[in-house]
Amino acid sequence: MTTARGTVLVADVIASLTRDVADFPTPGIQFKDLTPLFADREAMSAVIDALADVAASADLVAGIESRGSLVAAAIAARLGTGVLSIRKAGKLPPPVLSENYTREYGAASMEIPADSIELAGRSVVIVDDVLATGGTLGAATRLLARTGADVTAAAVVVELTGLGGRAAIAPLPVHSLSRA
Ligand code: AMP
C-alpha cells in the first residue's frame, strides 16, 4: 500500500489502526476494535483491495453481521458480485435457516433466508473482521452448505493465531490479512 508516508505493508497498517481493548465485551477478552481502520480512507481501500483479491472468483460475498457484512458489501461493490449478510438471530423475516455456535465470547445464533434467494451451486467466499476460535466461520460454512452453496474460502482482516480458529474450520482455506 502506498500512502503519503510511503509504501507500507497492509498488515502493518491494520496493526497500527487497530485498538486493543482489554476485558471487552467480557472479562479476559482482548477485543480488536477495527473502527479506526475502517474509518481511514487509504487503509480501508487497501484492506478491501486485498480481500477482493481473495474473493476474485466468487459469485457471492457473504459477511457475518455486523462488521463482516460491512466489509463484504465493500468487497462485493469492488468486484461486482452479489452480497449476503449472515444475520444475527431475529433480524430476518421468516422463513430462515439457523445455526447455533460458540465464539470466543459466548454462544450466539446466525440466520440466512431459507428460500428467497437461490444459493445452490453459487461460489461463495465468507468474510469476517476477526477469526478467533473459528466457531463463527464454522457455523457460517455449515449454514451455507445446507443451501447447496459452494463455500470456497474464508477471508478475515485479523486472525488471532493463538485460538486455533484456522484448524477448527479446516479444510476450508482461510486468508487473513494480518495476524495477532
Ligand atoms: P470466533 O467465532 O471465536 O472465531 O469469533 C469470531 C467472531 O467474534 C467475529 O465475528 C468477531 O467479530 C468476534 N470476535 C471474537 N473475538 C474477538 C476479538 N478478540 N476481537 C474482536 N472481535 C472478536
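In this text the structure is predicted, and so the values were computed from the model without any measurement.

Draft legend 1. Layout of the site of the ligand. Among the 17 residues in the neighbourhood of the ligand, the closest are listed as Glu104, Asp128, Asp129, Thr133 and Thr136. Glutamine 30 has a polar backbone atom sitting 3.0 Å from a nitrogen atom of the ligand. For the ligand, a nitrogen atom lies 2.6 Å from a polar atom in the side chain of glutamate 104. Relative to its unbound accessible surface of 490 Å², the ligand loses 96% to contact with the protein. More than half of the atoms belonging to the ligand lie within 2 Å of the grid points that define the largest pocket.

Draft legend 2. A look at the layout of surface pockets. Size it by volume and the largest pocket reaches roughly 480 Å³. In terms of lining residues, the largest pocket is bounded by 30 residues, among which Arg67, Arg103, Tyr105, Asp128 and Thr136 are the most central. Mapped by element, the contributors of at least two residues to the lining of the largest pocket are strand 4 (30-33), helix 4 (67-79), strand 6 (82-88), strand 7 (96-103), strand 8 (106-113), strand 9 (123-131) and helix 5 (135-145). Residue contributions to the lining of the largest pocket peak at four residues, all from strand 9. For the lining of the largest pocket, the per-class residue count stands at 13 nonpolar, eight polar and nine charged.

Draft legend 3. Quick look at the sheet that holds strand 11 (residues 174-179). Taken in spatial order, the seven strands of this open sheet run 7-8-6-5-9-10-11, and their pairing is mixed. On the outer flanks of this sheet lie strand 7 and strand 11, each paired with one strand and no other. Between one strand axis and the next, the sheet turns through 25° on average, direction left out of account. By the bridge criterion, eight bridges tie strand 7 to strand 8 in an arrangement that is antiparallel. Residue leucine 97 lies in a different strand from strand 8, and its bridge partner there is isoleucine 112. In the packing of helix 3 (residues 41-54) onto the sheet, contacts are made with strand 10 (150-159) and strand 11, and the angle to strand 10 comes to roughly 155°. Running over the sheet, helix 4 touches strand 5 (60-64), strand 6 and strand 9 and is turned about 160° from strand 5.

Draft legend 4. Region of the structure containing the pairing of strand 10. Counted residue by residue, strand 10 has eight buried out of ten residues, so it is predominantly covered. When strand 9 meets strand 10, the two strands line up parallel, connected through eight bridges. Within strand 10, the residue paired with leucine 131 across the bridge is glutamate 159. Taken together, strand 9, helix 5 and strand 10 constitute a β-α-β crossover, and its handedness is right-handed. Strand direction decides the pairing type here: strand 10 and strand 11, joined by five bridges, are parallel. Across the sheet, residue alanine 155 finds its bridge partner in strand 11, namely histidine 175.

Draft legend 5. Geometry of the pattern of salt bridges. For the structure on display, the rule yields ten salt bridges. A salt bridge links glutamate 159 to arginine 166; its shortest N-O distance comes to 2.8 Å. When its relative accessible area of 31% is taken as the criterion, arginine 166 is described as partly exposed. One salt-bridge network, held together by shared partners, links Glu99, Arg142 and Arg146.

Draft legend 6. Representation of the environment of alanine 22 within the structure. By secondary structure assignment, the location of alanine 22 is in strand 3 (residues 19-22). Separated by 19 residues in sequence, alanine 22 and arginine 41 place their C-alpha atoms 26 Å apart.

Conventions and cut-offs
Residues numbered from 1 in each chain as written. Predicted model: local features only at pLDDT ≥ 70, side-chain atom pairs only at ≥ 80, totals over all residues. Heavy atoms only, no water. Near = heavy atom within 4 Å. Polar contact = N/O pair within 3.5 Å; in protein donor to acceptor, adjacent residues only side chain to side chain. Areas by Shrake-Rupley, 256 points an atom, 1.4 Å probe, with all protein chains shown as cover. 1 Å grid on protein atoms, 1.4 Å probe; cavity = no way out; pocket = protein on both sides within 12 Å on 5 of 7 lines; lining within 4 Å. Sits in = over half its atoms within 2 Å of the grid points. Points joined across faces, edges and corners; volume = space filled by probe spheres on them. Helix = DSSP H or I, 4+ residues; strand = E, 2+ residues; numbered from the N terminus. Nonpolar A, V, L, I, M, F, W, Y, C, P; charged D, E, K, R; others polar. Pairing = 2+ DSSP bridges. Axes fitted to C-alpha atoms, helices over the stretch in contact; angles between N-to-C directions. Contact = heavy atoms within 4.5 Å. Buried < 20%, exposed > 50% of the residue type's maximum accessible area, 1.4 Å probe, protein only. Right-handed = clockwise from strand over helix to strand, strands pointing away. Salt bridge = Lys/Arg side-chain N within 4 Å of Asp/Glu carboxyl O.

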